[in-house]
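Observations on the three-dimensional arrangement
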Amino acid sequence: MESTQFLDADLSEEVPTPGLYVSTITTARLRSSQSGNAMVHVVHAIEGVLPAYDRVSEYFVLEGASARGLALSRRRLVELFRACGLSPRPGEDIAPARLQGARLRVKLEHEEWRGELHLRVVAHLSLNEVPSAPF
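Below is a summary of the structure that appears in this document. (Residues numbered from 1 in each chain as written. Predicted model: local features only at pLDDT ≥ 70, side-chain atom pairs only at ≥ 80, totals over all residues. Heavy atoms only, no water.)

1. Let's talk about the side chain of S126
Basically, it comes down to this: Working definition: helices are DSSP H or I runs of at least four residues, strands are E runs of at least two. Numbering for both runs from the N terminus. For each residue, the accessible area found with a 1.4 Å probe, counting protein chains only, is set against the maximum for its type, and the residue is called buried under 20%, exposed over 50%, and partly exposed in between. Residue contacts are defined here by distance: any two heavy atoms, one from each residue, within 4.5 Å place the two residues in contact.
Mapped onto the elements, S126 comes out in the segment after β5 (116-125). Residue classification places S126 among the buried positions, given a relative accessible area of 15%. Not counting residues up to four positions away in its chain, the partners in contact with S126 are A83 and R105.

2. Regarding the sheet that holds strand β1 (residues 19-32)
Quick reminder of the rule: Only strands joined by at least two bridges in the DSSP assignment are considered to pair. Axis geometry follows a simple rule: fit a line to the C-alpha atoms, using only the stretch in contact for helices, then measure angles between N-to-C directions, giving values from 0 to 180 degrees.
Reading across from one edge, β3-β2-β1-β4-β5 is the order of the 5 strands in this open sheet, with antiparallel pairing throughout. The two strands at the open ends of the sheet, each matched to only one other strand, are β3 (55-61) and β5. Across this sheet, the average inter-strand angle for adjacent strands is 40 degrees, counted without regard to direction.

3. Here we look at the pattern of salt bridges
Selection rule: Here, a salt bridge means any Lys or Arg side-chain nitrogen found within 4 Å of an Asp or Glu carboxyl oxygen.
Tallying each qualifying case throughout the model produces 7 salt bridges. With a shortest N-O distance of 3.4 Å, D54 and R55 are connected by a salt bridge. Here R55 falls in the partly exposed class, since its relative accessible area comes to 49%. Put simply, R120 and E111 hold a salt bridge, and the shortest N to O gap is 3.6 Å. Among the residues examined, R120 registers a relative accessible area of 35% and is labelled partly exposed.

4. Digging into the nonpolar core
As a reminder, the rule being used: What we call a nonpolar core is a set of buried Ala, Val, Leu, Ile, Met, Phe, Trp, Tyr and Cys residues that are connected through their side-chain atoms within 4.5 Å.
Within the largest apolar cluster, 25 residues are counted, with the highest numbers of intra-cluster contacts made by I25, V42, L80 and L99. Elements represented by at least two residues in this core include exactly β1, β2 (38-46), β3, α2 (67-83), β4 (103-113) and β5. Non-local contacts of L80, meaning those with residues more than four positions away in its chain, are made with I25, V42, H44, F60, L99, L104 and H124.

Have a look at this one:
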């Protein structure tokens with residue numbers, strides 16, 4: 001097959017099914033949102049899916065949202081750290097670089113954005129954690 005031809009995988013619009021997947025964190029860093037608020041940006045490399053869907057970004061807002069939104073974001077960030085085998089403590093700096101290279105399982109669901117289905121991370125588990133049904 002020549003590099004100047006379309007492949008079957010190029011034309012497939014089949015988004016991977018929702019469920020549990022093994023992930024390796026390839027990027028984890030602090031950054032600013034478009035409004036200038038601090039956030040953590042994480043990129044998961046998902047195993048066992050087509051290359052068009054094997055990277056899923058996740059964002060954790062640290063400021064500039066409602067109290068409820070911040071609490072939910074921080075709770076999910078703690079869940080991610082724990083799934084990666086880390087134990088964050090009160091007063092400890094949030095250091096996303098510690099997540100880089102970590103392997104874990106993520107629960108993915110579909111999300112529609114601009115009329116297209118995309119994958120979204122909705123939960124994090126350690127590789128050796130047994131999910132409780134119906135995870």
